[in-house]
Amino acid sequence: YDAKGGGKGLRVYESDLDSKNPRRLTLVAELRGALARDEISVHVQPQARLDSGAVVGAEALVRWHHPELGVVPPDEFIPVAERSGLIGPLTTRVLDASLAAVAAWRAAGHPLGISVNLSTRSLHDADLVEEVSRLLRRHDVPASALTLEVTESSVMADPARATALLHQLRDLGVRLSVDDFGTGYSSLSYLKRLPVQEVKIDRSFVTSLQAGGEDAAIVRAIIDLGGHLGLEVVAEGVEDAAVWELLSTMGCDVVQGWHLGRAMPVAEFAGWLATRGTATRPTLHAVS
Ligand code: C2E
Ligand code: MG
Ligand code: MG
Ligand code: MG
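Here's a quick rundown of the structure. (Residues numbered from 1 in each chain as written. Chains lettered and ligands numbered in written order. Predicted model: local features only at pLDDT ≥ 70, side-chain atom pairs only at ≥ 80, totals over all residues. Heavy atoms only, no water.)

### Some points on helix α3 (residues 74–83)
And then number 1: For α3, the set of buried residues is Glu76, Phe77, Val80, Ala81 and Glu82.
And then number 2: Just downstream of α3, Gly85 is the residue with a positive phi angle, here 75 degrees. (Buried < 20%, exposed > 50% of the residue type's maximum accessible area, 1.4 Å probe, protein only. Helix = DSSP H or I, 4+ residues; strand = E, 2+ residues; numbered from the N terminus.)

### Comments concerning the coordination of the magnesium ion (ligand 3)
And then number 1: Protein coordination at the magnesium ion (ligand 3) comes from Asp179 (OD), Asp180 (OD), Glu236 (OE) and Glu236 (OE), with a distance range of 2.1 to 2.5 Å.
And then number 2: In this structure the magnesium ion (ligand 2) is found 3.9 Å away from the magnesium ion (ligand 3), and Asp179 serves as a bridging donor for the pair.
And then number 3: Looking at Asp179, the relative accessible area reads 7%, which means it is buried.
And then number 4: On the basis of relative accessible area, Asp180 is assigned to the partly exposed category, the value being 25%. (Donors = N, O, S within 2.8 Å, 3.2 Å for Na, K, Ca; no water.)

### Thoughts on the pairing of strand β8 (residues 232–235)
And then number 1: In this sheet, β8 lies alongside strand β7 (residues 198–201) in parallel orientation, the contact comprising 4 bridges. Among the inter-strand pairings, Glu198 is bridged to a residue of β8, identified as Glu232.
And then number 2: Examined bridge by bridge, β8 and strand β9 (residues 254–256) share 2 bridges and lie parallel to one another. Along β9, the bridge assignment pairs Val234 with Val254.
And then number 3: The parallel pair β8 and β9, bridged by helix α11 (residues 241–250), forms a crossover whose chirality is right-handed. (Pairing = 2+ DSSP bridges. Right-handed = clockwise from strand over helix to strand, strands pointing away.)

Shown next as structure tokens:
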């Protein structure tokens, strides 16, 4: 979790895997009202190209600010939303806020993109395609500025159905990304069959990346595979300059992580972009 996602209730939530847990039941009831009470918002975390250092977009990360529980992390309430049938309205809310943000940035002269996470249930939602199309029109955002992230495991839950839906989304012109790549159990051949344009290397391989280590072998293999398949490769969880530079020498395309910037409220993003400048830009010199 990032600093904003952490909270005093974290230890309680981490052991809260039992659906009979009263805390979980409370969350279901609370989540129902959260959308109406406007407690759901979107934070954005910047992404930059490794070659130029240019910020090219952001990932939208949902936040739930509960009046008493504080910030409830998405890893905790997304599964609750999935099981209680609230994921549809939640996804719509996140897409709406994300496309509003990217429309505002573009109007201000920043040709950025936005990445939005889709859950397993959303990949089974026949209304999703029409919903995405409606929201793109509503905010007058080109489909190519929207990337939808899916995980290998959410695709594998029902490969035929998910693949059909991804093709429909792709037909709209939306970009598709495989999130947390390397942690699932899918066959590599799915990467070839799915209509995706991007892979995101899971941060568990990235955060403590060291030259010559096992993570480096995995990261290098994913970057090479992505390159051969014509996919853009994004590394998430880049926390320091050493990892940034190592990824640069490995030929990774795009980075995301605390070293560039943490997830922040949408209202802060334009200011962050303006003050970032060359002085705060992570160094890009190659390591020998
Ligand atoms: P994810 O899509 O893999 O998102 C990346 C997570 O890594 C985010 O956690 C982000 O804050 C965190 N992170 C980013 N940079 C760093 C770093 O340098 N170091 C470390 N240690 N962590 C970093 P977050 O915001 O708590 O989100 C967790 C997961 O919740 C996401 O993983 C995604 O699977 C899910 N999620 C978030 N927003 C949404 C949403 O709107 N819809 C759906 N369906 N799922 C979402
Ligand atoms: Mg993601
Ligand atoms: Mg990820
Ligand atoms: Mg993740």
